[in-house]
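Coordinates in review
Below, each chain spelled out in residue letters.
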Amino acid sequence: MLWPGAAAAQGRRGASAEALAAARRFLCPNGGVPQGRGRCAPSRGGGGGGGGADPDVRGWDQGIAPPSRAQRPCPEGTRADAARFNPGVTRCIPS
């Protein structure tokens, strides 16, 4: 947020496109447009992360099966045990 005097001075000089782009990248490193209170909205171009986002970051979860919300068998070398203070939760611990 700029102080009233600084905002007036900024308006007269005008911010360069490079400065605005740098500020956007700093405030929203995964792309999008700053919305205030630390939140970023997707850019108008659409897409998950929006303009400027690293293509390796967008879609990182592609190809991963959705959660089944069911207990899977414990891996070899571990055994199932009830979690303390969490009824109904089973954890795999070394056997």
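Read on for a plain summary of the structure. Note that the structure is predicted; figures quoted are calculated from it, not measured. (Residues numbered from 1 in each chain as written. Predicted model: local features only at pLDDT ≥ 70, side-chain atom pairs only at ≥ 80, totals over all residues. Heavy atoms only, no water.)

Re the environment of cysteine 92
Along the chain, cysteine 92 falls in strand 4 (residues 90–94). Note on cysteine 92: relative accessible area 35%, which makes it partly exposed. Taking the C-alpha atoms as reference points, cysteine 92 and alanine 80, 12 residues apart in sequence, are found 4.6 Å from one another. Sequence-distant contacts of cysteine 92, that is, excluding residues within four places in its chain, are made with Gln71, Cys74, Pro75, Thr78 and Arg79. (Helix = DSSP H or I, 4+ residues; strand = E, 2+ residues; numbered from the N terminus. Buried < 20%, exposed > 50% of the residue type's maximum accessible area, 1.4 Å probe, protein only. Contact = heavy atoms within 4.5 Å.)

A few points about the state of the cysteines
Tallying each qualifying case throughout the model produces 2 disulfides. Covalently, cysteine 28 is tied to cysteine 40 through a disulfide, its sulfur atoms 1.9 Å apart. The S-S bond linking cysteine 28 to cysteine 40 shows a torsion near -95°; that makes this disulfide left-handed. Here cysteine 40 lies in strand 2 (residues 39–41) and cysteine 28 lies in the loop between helix 2 (17–27) and strand 1 (33–36), a separation of 12 residues in the sequence. (Disulfide = S-S within 2.5 Å.)

Read these as spatial facts, not as claims about activity.
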